[in-house]
Amino acid sequence: MAEGVLAIQPQFDDARQQRAASNLGIWIFLATEVLFFGVLFAAYAITRIRFPVAFAQGGQLTDIALAGTNTAVLLTSSLSMALAVHAASRGSKRTLVLLLWTTVLLGCAFLAIKGVEYREDYLEHLVPTLGFAHPGPGESQVELFFYLYFLITGVHALHVLIGIACIATIAVMASRGRFSPSYFTPVDVTGLYWHLVDVIWLFVFPALYLVSRS
Amino acid sequence: MQLPARPQVYLLVWVGLLALLALTILAAYARLGAYGTALHFTIAATQAALVMLFSMHLASAHPLMRAIALIGFIGIAILVLLTLLDVLTR
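Residues numbered from 1 in each chain as written. Chains lettered and ligands numbered in written order. Predicted model: local features only at pLDDT ≥ 70, side-chain atom pairs only at ≥ 80, totals over all residues.

### Points about the overall build of chain A
A tally of regular secondary structure across chain A gives six helices and zero strands. Reading the helices (α) and strands (β) of chain A from amino to carboxyl end gives α-α-α-α-α-α. Taken along its principal axes, the extent of the C-alpha atoms in chain A is 65 × 30 × 30 Å. With 214 residues in all, chain A has 42% of them scored as buried. Sequence-distant contacts, at least 24 apart, represent 77% of the contacts inside chain A between residues at least 6 apart. (Helix = DSSP H or I, 4+ residues; strand = E, 2+ residues; numbered from the N terminus. Buried ≥ 20, exposed ≤ 12 C-beta atoms within 10 Å, placed from the backbone. Contact = placed C-beta atoms within 7 Å.)

### Focus: the overall build of chain B
Counting its secondary structure elements, chain B contains three helices and zero strands. Sequence-ordered secondary structure for chain B, helices as α and strands as β, is α-α-α. Against the globule reference of 12 Å for 90 residues, chain B gives a C-alpha radius of gyration of 17 Å, more extended than a compact globule. C-alpha extents for chain B along the principal axes are approximately 55 × 35 × 10 Å. Within chain B, the fraction of its 90 residues that count as buried is 28%. (Rg over C-alpha atoms; globule rule 2.2 N^0.38 Å.)

### Concerning the domain arrangement of chain B
Entries for chain B in the domain assignment read domain 1 (1–56) and domain 2 (62–90). Centre-to-centre separation of domain 1 of chain B and domain 2 of chain B, based on C-alpha positions: 21 Å. (Domains from an automatic or database assignment.)

### A word on the environment of Phe51 of chain A
Residues and elements named next belong to chain A. Its location among the elements puts Phe51 in the loop between α1 (15–50) and α2 (52–61). Note: C-alpha distance between Phe51 and Phe145 (94 residues apart in sequence) is 9.0 Å. Those residues in contact with Phe51 that sit more than four places away from it in its chain are Gln141 and Leu144.

### Some details on the interface of chain B and chain A
Tallying the contact residues gives 37 residues for chain B and 39 residues for chain A. Among the elements of the structure, α1 (7–29), α2 (34–55) and α3 (63–88) of chain B are those that each provide at least two residues to the side of chain B that touches chain A. Among the elements that make up the side of chain B that touches chain A, the one with the highest residue count is α3 of chain B (13 residues). The residue inventory of the side of chain B that touches chain A, partitioned by class, reads 28 nonpolar, eight polar and one charged. (Nonpolar A, V, L, I, M, F, W, Y, C, P; charged D, E, K, R; others polar.)

Here it is as structure tokens:
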């Protein structure tokens, strides 16, 4: 395949149809991702309704400052990704590569902050099965909150990690001149995945960190 | 091939998202009771809509894409609703 030139696969009529097929494919995948996380939110809803007091206690033990910063970091990474896709559509290779690495860096910052947060949780004995301790009547119910907290944030962090790996790959491809204004579907599709990981976090944040602050 | 949105749109969306983030954090400290939870998730849904409509280009996408983007959310809404009908009426 020539550099930056679109090769139309035999099953497609033209570039537009091929691009639409890729977009349709990623959207179907993203719908399954929503279902995947949705099940965790369903478990969350049931548990919170059954144990509202324990969830209020658990929610107050999470770090709103770190999580709030992380939300801003992720929203900013979404901006740099959107601008990267735009740069790809204009054929500005240097801007594209720069914006993709910016997104990777912001993604890594998110994971680093998450790591600091997990370490704090461990030191405060909030990690279930790893010395969880919450003296008081509803200890096992607060522990249930933290099971969900680590499950949901952990699975989300895994998605961030996969996103970082994909964007780094796309960045290397971009610096080798593999994309052009007529062909940048991989950038576009990776961007859609990254935005969805961002969208999921937008629901994780209020669910786990804003339960009961007042 | 041109994208539907201009860079300025992404910047505006980003500013809007950060403003909503500040609002939802402030709301967490106001004594809103059960309304607080409703407000948090309304803000989250608004933020998600902004990202999906503009950053993910659903605003200008083919209706089929929009339908598929919604399928996951509708599926989850049905799942949560029916589960809660059971849990809340035991």
